[in-house]
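Structure at a glance
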Amino acid sequence: MPTTPSAPATLTTRTHPEPARPDVGLTFISTWSTGSPERQRATLEAIATAWGSRPWPHEGLLSYAVYAGADGSTVLHHSQWRDEAAYEEFFAHSGNGRDARNTDIDAAVPDIARLGLNKTRLYRSWTGNREGDGGGGREGREPGTVVIVQIDFDGPDADRQRAWVDGVVEALDTDPAGHPGLLSAHFHVSTDGRRVVNYAEWESEQAHVDALAAAGDGVGSPTPQWRQARDFPGVVRDDAVARYRFTYGFVPSNT
């Protein structure tokens, strides 16, 4: 329902969102470019003020989080929605507060570049345990860094998206070297069928740097499974990799 005077307050949290949260039906992942470390910090502070000073915008929004890019310029946005219908209801309501929040942020930091929005659904998660072994995930550990990997295909094909993810999960499961420092990987498929976004949680930024250096060609050993994933037909871009540090999370007070 639209925001009303009785809408819950917005709480700021230092706890990472749970990417595999079972009641999430839609996830938005987007990036802004601010231009400098100073403007990045100011943007994150402006976001915190714009959100924390207003009621929670819609009951269908389950969480919203922002992250500072390791490049000193970008800001990552990650929002979890109950389903498509909830998001459409929010977006259609003129009093949803979205424009007011953006106006405040742009007044504080003019000329932020909005680089694009990924509308996705979680397809599969990898938690370091083999299929059927009972899960375990990151076992309560907060990631030190989040790595976003984008895989683009040459056209829309939902079956191909899922097949690529299935191949990568198999490569992760069968890698003889294991994956030191990788806590989890959550594979989101874009609703237009053209992209996979991997939201990967790592112990630290250095752990990811070390993994890339050890592998020499992306994360993973030179196994047949990894070679198949890297040579997957129809992939037109697989080098969009960026590291982020969680900065603020926002949830409704009635959570």
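Look up: the structure comes first, before these words.
This one's a predicted model, so the numbers in the text were calculated from it and none came from an experiment. (Residues numbered from 1 in each chain as written. Predicted model: local features only at pLDDT ≥ 70, side-chain atom pairs only at ≥ 80, totals over all residues. Heavy atoms only, no water.)

**Here we look at the side chain of Thr-145**
Assignment of secondary structure puts Thr-145 in strand 6 (residues 145-153). At 3.0 Å, the side chain of Thr-145 and the backbone oxygen of Tyr-244 are in polar contact. For Thr-145, the residues in contact, after removing those within four places along its chain, are Ala-200, Glu-201, Trp-202, Glu-203, Ser-204, Glu-205, Arg-243 and Tyr-244. (Helix = DSSP H or I, 4+ residues; strand = E, 2+ residues; numbered from the N terminus. Polar contact = N/O pair within 3.5 Å; in protein donor to acceptor, adjacent residues only side chain to side chain. Contact = heavy atoms within 4.5 Å.)

**Here's the deal with helix 2 (residues 84-92)**
Among all positions in helix 2, only Ala-86, Tyr-87 and Phe-90 are buried. Viewed end-on, helix 2 has its buried residues packed into an arc of 95°, placing them on one side of the element. Those residues of helix 2 that are exposed and angled more than 90 degrees off the buried face are Ala-85 and Ala-92. Summarising the contacts, the buried residues of helix 2 are in contact with strand 2 (26-33), strand 4 (74-81) and helix 3 (98-108). At the N-terminal boundary of helix 2, the capping side chain belongs to Asp-83, with an oxygen 3.3 Å from the backbone nitrogen of Ala-85. (Buried < 20%, exposed > 50% of the residue type's maximum accessible area, 1.4 Å probe, protein only. Arc of directions from axis to C-beta.)

**Concerning the pairing of strand 4**
Most of strand 4 sits inside the fold, with eight of its eight residues counted as buried. Of the two faces of strand 4, both are covered, the one formed by Thr-74, Leu-76, His-78 and Gln-80 as well as the one formed by Val-75, His-77, Ser-79 and Trp-81. Where strand 2 and strand 4 come together, eight bridges link them in antiparallel fashion. When the sheet's bridge partners are listed, Ile-29 is paired in strand 4 with His-78. As judged from the seven bridges shared by strand 3 (residues 61-69) and strand 4, these two strands associate in the antiparallel manner. Residue pairing for strand 4: Tyr-67 is matched across the bridge by Leu-76. Counted along the chain from strand 3 to the antiparallel partner strand 4, the turn is four residues long, and its residue Gly-72 has a positive phi close to 80°. (Pairing = 2+ DSSP bridges.)

**Here we look at the packing of aromatic side chains**
A complete count under the given rule lists 14 aromatic pairs for this structure. Judged by centre distance (5.9 Å) and plane angle (25°), the ring pair of Trp-51 and Phe-250 falls under stacked. Of the two residues, Trp-51 is situated in helix 1 (residues 37-52) and Phe-250 in strand 9 (residues 235-252); the sequence distance between them amounts to 199 residues. Here Trp-51 and Phe-250 have matching classes, each one buried. Between Tyr-67 and Tyr-199, the aromatic rings sit 6.3 Å apart at their centres with planes inclined by 75°, giving edge-to-face as the arrangement. Of the two residues, Tyr-67 sits in strand 3 while Tyr-199 sits in strand 8 (residues 195-202), which places them 132 residues apart along the sequence. With respect to burial, Tyr-67 and Tyr-199 carry one shared label: buried. Clustering of aromatic rings is evident, with ring pairs tying together Phe-28, Trp-81, Tyr-87, Phe-90 and Phe-91. The ring of Trp-51 is capped by Arg-101, whose NZ or CZ atom sits 4.3 Å from the centre of that ring. (Phe/Tyr/Trp six-rings, centres within 6.5 Å; stacked < 30°, edge-to-face > 60°. Lys NZ or Arg CZ within 6 Å of the ring centre and 35° of its normal.)

**Quick word on the nonpolar core**
Counting 24 residues, the largest nonpolar core has Ile-47, Trp-51, Tyr-64, Val-66, Trp-81, Ile-105 and Phe-250 as the members making the most contacts within it. Those elements that provide at least two residues to this core are strand 2, helix 1, strand 3, strand 4, helix 2 and strand 9. Ignoring any residue separated from it by four or fewer positions in sequence, one finds Tyr-64 in contact with Ile-47, Trp-51, Trp-56, His-77, His-78, Ser-79, Tyr-248, Gly-249 and Phe-250. Within the second largest apolar cluster, 23 residues are counted, among which are Ile-151, Ala-171, Leu-172 and Ala-211. (Core = buried A, V, L, I, M, F, W, Y, C linked by side-chain atoms within 4.5 Å.)

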